[in-house]
Amino acid sequence: MSQTMPEPLTITADVDERLLRVEWADGHRSVYAFEALRWACPCATCRGEWGRPGLLDATDRLTPEQTDLVDLRQVGRYAICPIWADGHSTGIFTYRALRDLCPCAECAGRGATSDERGV
Ligand SMILES: [Zn+2]
Ligand SMILES: [Zn+2]
């Protein structure tokens, strides 16, 4: 299994449908709900650090602002950083992480390595 970084050709935020669409260089297409992306936010605030629970561990519900994507920032050549309507902008999704998050049947059926939400 190669560990080359997946490369997105286009990343489009569909604000009306609240979906982020990614077209990958290998032809794969991924569609992420804004809300699912926010739940997957990998930053220390959301995830917790040093054994302390994060924001997302302390809640089972997000506000509309928290799941409203207002902008996407490119981080280097390997990641994107969503800017949320509540001002949160510290979650950096590498393309690898983003691709691993792909919710399509094909990717989901590939066997998730771990279920971080533990549900
Ligand atoms: Zn976060
Ligand atoms: Zn997929």
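Everything below is about the structure printed above this text.
Description of the structure in this document. (Residues numbered from 1 in each chain as written. Chains lettered and ligands numbered in written order. Predicted model: local features only at pLDDT ≥ 70, side-chain atom pairs only at ≥ 80, totals over all residues.)

Considerations on the overall build of the protein chain
A tally of helices and strands in the protein chain yields four helices and six strands. Starting at the N terminus and walking to the C terminus, you meet the elements of the protein chain as β-β-β-α-α-β-β-β-α-α. Considering only residue pairs separated by 6 or more positions, the protein chain has 35% of its internal contacts joining residues 24 or more positions apart. (Helix = DSSP H or I, 4+ residues; strand = E, 2+ residues; numbered from the N terminus. Contact = placed C-beta atoms within 7 Å.)

Here we look at unusual backbone geometry
Of note in the backbone geometry, Arg18 takes a positive phi value of approximately 60 degrees without being a glycine. As for its placement among the helices and strands, Arg18 is situated in the loop between strand S1 (8-14) and strand S2 (19-24). The class for Arg18 is partly exposed, based on 16 C-beta atoms found within 10 Å. The phi dihedral of Trp50 falls on the positive side, at around 50 degrees, and the residue is not glycine. Mapped onto the elements, Trp50 comes out in the loop between helix H2 (44-47) and strand S4 (69-75). (Buried ≥ 20, exposed ≤ 12 C-beta atoms within 10 Å, placed from the backbone.)

Quick notes on the sheet that holds S4
The three strands are arranged S4-S5-S6 in an open sheet whose pairing can be described as antiparallel. Every interior strand has two partners, whereas the edge strands, S4 and strand S6 (93-94), have only one. (Pairing = 2+ DSSP bridges.)

A word on the environment of Leu20
Locating Leu20 in the fold gives a position in strand S2. Leu20 sits in the buried class, given 23 other C-beta atoms within 10 Å. For the pair Leu20 and Ala33, spaced 13 residues apart in the sequence, the C-alpha separation amounts to 6.3 Å. Each residue touching Leu20, except ones within four places of it in the same chain, is listed here: Ile11, Ala13, Tyr32, Phe34, Leu37 and Leu69.

Some thoughts on the sheet that holds S2
Reading across from one edge, S1-S2-S3 is the order of the three strands in this open sheet, with antiparallel pairing throughout. For this open sheet the edge positions go to S1 and strand S3 (29-33), each flanked by a neighbour on one side alone. For this sheet, the mean inter-axis angle between neighbouring strands, taken without regard to orientation, is 15 degrees. Pairing analysis gives six bridges linking S1 to S2, with the strands arranged antiparallel. Pairing of Ala13 across the sheet is with Leu20, part of S2. (Axes fitted to C-alpha atoms, helices over the stretch in contact; angles between N-to-C directions.)

Considering the pairing of S4
As judged from the six bridges shared by S4 and strand S5 (residues 79-84), these two strands associate in the antiparallel manner. Counterpart to Leu69 in the pairing with S5 is Trp84. Taking the residues that link successive antiparallel strands as the turn, the S4-S5 hairpin has three residues, and the phi of Gly76 there is positive, at about 55 degrees.

Some words on the pairing of S5
Where burial is concerned, the two faces of S5 differ: the one with Ile80, Pro82 and Trp84 is buried and the one with Ala79, Cys81 and Ile83 is not. As judged from the two bridges shared by S5 and S6, these two strands associate in the antiparallel manner. When the bridges of S6 are listed, Ile80 appears paired with Phe93.

With respect to the nonpolar core
With eleven residues, the main nonpolar core is built from Leu20, Val22, Tyr32, Phe34, Leu37, Leu69, Ile80, Trp84, Phe93, Tyr95 and Leu98. Counting residues per element, the ones that place at least two in this core are S2, helix H1 (34-39), S5 and helix H3 (95-100). Excluding residues within four positions of it along the chain, Leu37 makes contact with Leu20, Tyr32 and Pro82. (Core = buried A, V, L, I, M, F, W, Y, C linked by C-beta atoms within 7 Å.)

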